[in-house]
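Next come the chains, spelled out residue by residue.
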Amino acid sequence: MSGPEIKPEERLAATLARLILDPAAPPARHIAVGAASPIPAAACWLVKKSGHPVRLSLLHKRSGNPFTEGSRELFDLTGQGRIDLFFLGGGQIDGQANINLIGTGEWPGTGARFPGSFGSAFMYMMTPRTILFREEHSPRVLVEKVDNISAPGLSAPGVFRRGTAQALVTGRAVFRFDPARGRFALESAHPGEDAASIRAATGFDYDEPAHLPATPDPTPEQLALLRGPVRDEMIETYPEFCARVFGAAEKKDAAA
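Calculation rules
- Residues numbered from 1 in each chain as written.
- Predicted model: local features only at pLDDT ≥ 70, side-chain atom pairs only at ≥ 80, totals over all residues.
- Heavy atoms only, no water.
- Phe/Tyr/Trp six-rings, centres within 6.5 Å; stacked < 30°, edge-to-face > 60°.
- Helix = DSSP H or I, 4+ residues; strand = E, 2+ residues; numbered from the N terminus.
- Buried < 20%, exposed > 50% of the residue type's maximum accessible area, 1.4 Å probe, protein only.
- Lys NZ or Arg CZ within 6 Å of the ring centre and 35° of its normal.
- Pairing = 2+ DSSP bridges.
- Expected span 1.5 Å × (residues − 1).
- Polar contact = N/O pair within 3.5 Å; in protein donor to acceptor, adjacent residues only side chain to side chain.
- Contact = heavy atoms within 4.5 Å.
- Axes fitted to C-alpha atoms, helices over the stretch in contact; angles between N-to-C directions.
- Parallel < 35°, antiparallel > 145°, perpendicular 65-115°, else oblique.
- Left-handed = near helix turned anticlockwise from the far one by under 90°.
- Nonpolar A, V, L, I, M, F, W, Y, C, P; charged D, E, K, R; others polar.
- Arc of directions from axis to C-beta.
- Core = buried A, V, L, I, M, F, W, Y, C linked by side-chain atoms within 4.5 Å.

Engineer: Teacher, can you tell me more about the packing of aromatic side chains here?
Structural biologist: Here a ring pair, both rings aromatic, is described through the centre-centre distance and the interplanar angle of the planes. In the structure shown here, the tally under the stated rule is 9 aromatic pairs. Ring centres 5.7 Å apart and planes at 55° place the aromatic pair F75 and F118 in the tilted group. Residue F75 is found in helix 3 (residues 71-79), and its partner F118 is found in the loop between strand 5 (99-100) and helix 4 (120-126); the two are separated by 43 residues along the sequence. For F75, a relative accessible area of 22% corresponds to the partly exposed category. With centroids separated by 6.0 Å and ring planes inclined at 65°, the aromatic side chains of F175 and F184 adopt a geometry described as edge-to-face. No difference in accessibility class separates F175 from F184, as the two residues are buried. Taken together, the ring pairs connect F175, F177, F184, F204 and Y206 into an aromatic cluster. When the ring centre of Y206 is taken as origin, the NZ or CZ atom of R199, which lies over that ring, is 3.9 Å away.

Engineer: Can you walk me through the environment of G247 in this structure?
Structural biologist: Here G247 is to be found in the segment after helix 7 (239-246). Look at G247 and you get exposed, because its relative accessible area is 64%. Separated by 115 residues in the primary sequence, G247 and L132 have C-alpha atoms spaced 27 Å apart.

Engineer: How do you make sense of the sheet that holds strand 4 (residues 92-94) when you look at a structure like this?
Structural biologist: In a beta sheet, neighbouring strands pair by backbone hydrogen bonds and run either parallel or antiparallel. Pairing in this open sheet of 3 strands is mixed, and the strands run 5-4-7 from one edge to the other. Pairing within the sheet leaves two strands with one partner each, and these edge strands are strand 5 and strand 7 (142-143). Judged from the 2 bridges that link them, strand 4 and strand 5 form a sheet pairing that is antiparallel. Each bridged residue has a counterpart across the sheet, and for I93 the counterpart in strand 5 is I99.

Engineer: How do you make sense of helix 1 (residues 8-20) when you look at a structure like this?
Structural biologist: Residues lying three or four places apart along an α-helix face the same way, a consequence of the helix completing one turn every 3.6 residues. Over its 13 residues, helix 1 extends 18 Å from the first C-alpha to the last, a length consistent with the 18 Å expected when each residue adds 1.5 Å. Within helix 1, 11 of the 13 residues are buried, leaving the element largely enclosed by the surrounding structure.

Engineer: Sorry, what's going on with unusual backbone geometry here?
Structural biologist: Note: most residues except glycine have negative phi, and most peptide bonds are trans. Although it is not a glycine, A97 sits at a positive phi angle of roughly 70°. With respect to the helices and strands, A97 occurs in the loop between strand 4 and strand 5.

Engineer: Explain the side chain of N98 here, please?
Structural biologist: Within the fold, N98 resides in the loop between strand 4 and strand 5. On the basis of relative accessible area, N98 is assigned to the buried category, the value being 6%. A polar atom in the side chain of N98 sits 2.9 Å from the backbone nitrogen of G153. Residue contacts for N98: discarding those within four places in its chain leaves Q92, I93, V146, I149, A151, P152, G153 and L154.

Engineer: What exactly am I supposed to notice about the packing of helix 2 (residues 38-49) against helix 6 (residues 220-234) here?
Structural biologist: How two helices pack is summed up by the angle between their axes together with the distance between the axes. At a minimum axis distance of 9 Å, the contact between helix 2 and helix 6 shows a crossing angle of 110°. Our classification of the angle between helix 2 and helix 6 gives roughly perpendicular. The crossing of helix 2 and helix 6 is right-handed. Of helix 6, the residues touching helix 2 (which contributes P38, A41, A42, W45, L46 and K49) are Q222, L225, L226, P229, V230, E233 and M234. Among the residues forming the contact of helix 2 with helix 6, the class breakdown is 10 nonpolar, 1 polar and 2 charged.

Engineer: How should helix 7 be read in this particular structure?
Structural biologist: All of the buried residues in helix 7 are P239, F241, C242, V245 and F246. With its buried residues spanning 160° around the axis, helix 7 presents them on a single face. More than 90 degrees from the buried face of helix 7, the exposed residues found are E240 and R244. Summarising the contacts, the buried residues of helix 7 are in contact with helix 1, helix 2 and helix 6. Positive backbone phi, approximately 65°, marks G247, located one or two places after helix 7.

Engineer: Is there a simple way to think about the nonpolar core in this case?
Structural biologist: Generally speaking, a soluble globular protein has its nonpolar side chains buried in company with each other. One finds I20, F87 and M234 to be the most contacted residues of the largest nonpolar core, which totals 38 residues. Among the elements that make up this core, the one with the highest residue count is helix 2 (8 residues). Setting aside chain neighbours within four positions, we find I20 in contact with A28, I31, A43, C44, V47, L85, F87, R129 and I131. Of all hydrophobic cores here, the second largest spans 28 residues; its members include A173, F204, Y206 and L212.

Pasting the structure below:
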């Protein structure tokens, strides 16, 4: 495709979109995206602008936000089973898909402090599908065991939960999660990475295929959507992201 080279953010958005549309997973009819998540938001808009009938609820959206009372309505919808897919990250993520949003060191996170768990445990357990997403892929983030579990990847028998992690997407690779085994499997490596570099950057153990595929590039059609209709939907809410990735400036009111 002619034009600017593919940005890492565009590849990540297209990768997340493929996971959203995975035919082997339960359908994602209603997707929620939390605050400060421009790449997951771009992936969701890419799915919608590609013609798939999904409902998007974006907590960070500046105008037309369906959550007039903020996250309380998100939790209500999730508890009622009306959110099919959500995205979560963590200051630490381990090989059993536990996430830590509290901090490092002994409870209550006496070392580095993270933003706080907020409703992550509730969303993780009550949403049928969760995609874990963290751009940084390093041994300090992807650890053998998180220091504090703010949201568990697995639950004991008899504990009600609707779902767990579907996958983990980072700035280097894509992992699939098998909840029956409580273990990740490396699915693909982004450009510039290979099995050895991924292993060196990952603090937990995982399975890997004999031949590691490369993460696919976005298609020309996906890039056209990302750089046009998706950008236009996002520019009000994420102006800095759109300027950096798409080279687009937010349009100012002519009367201002």
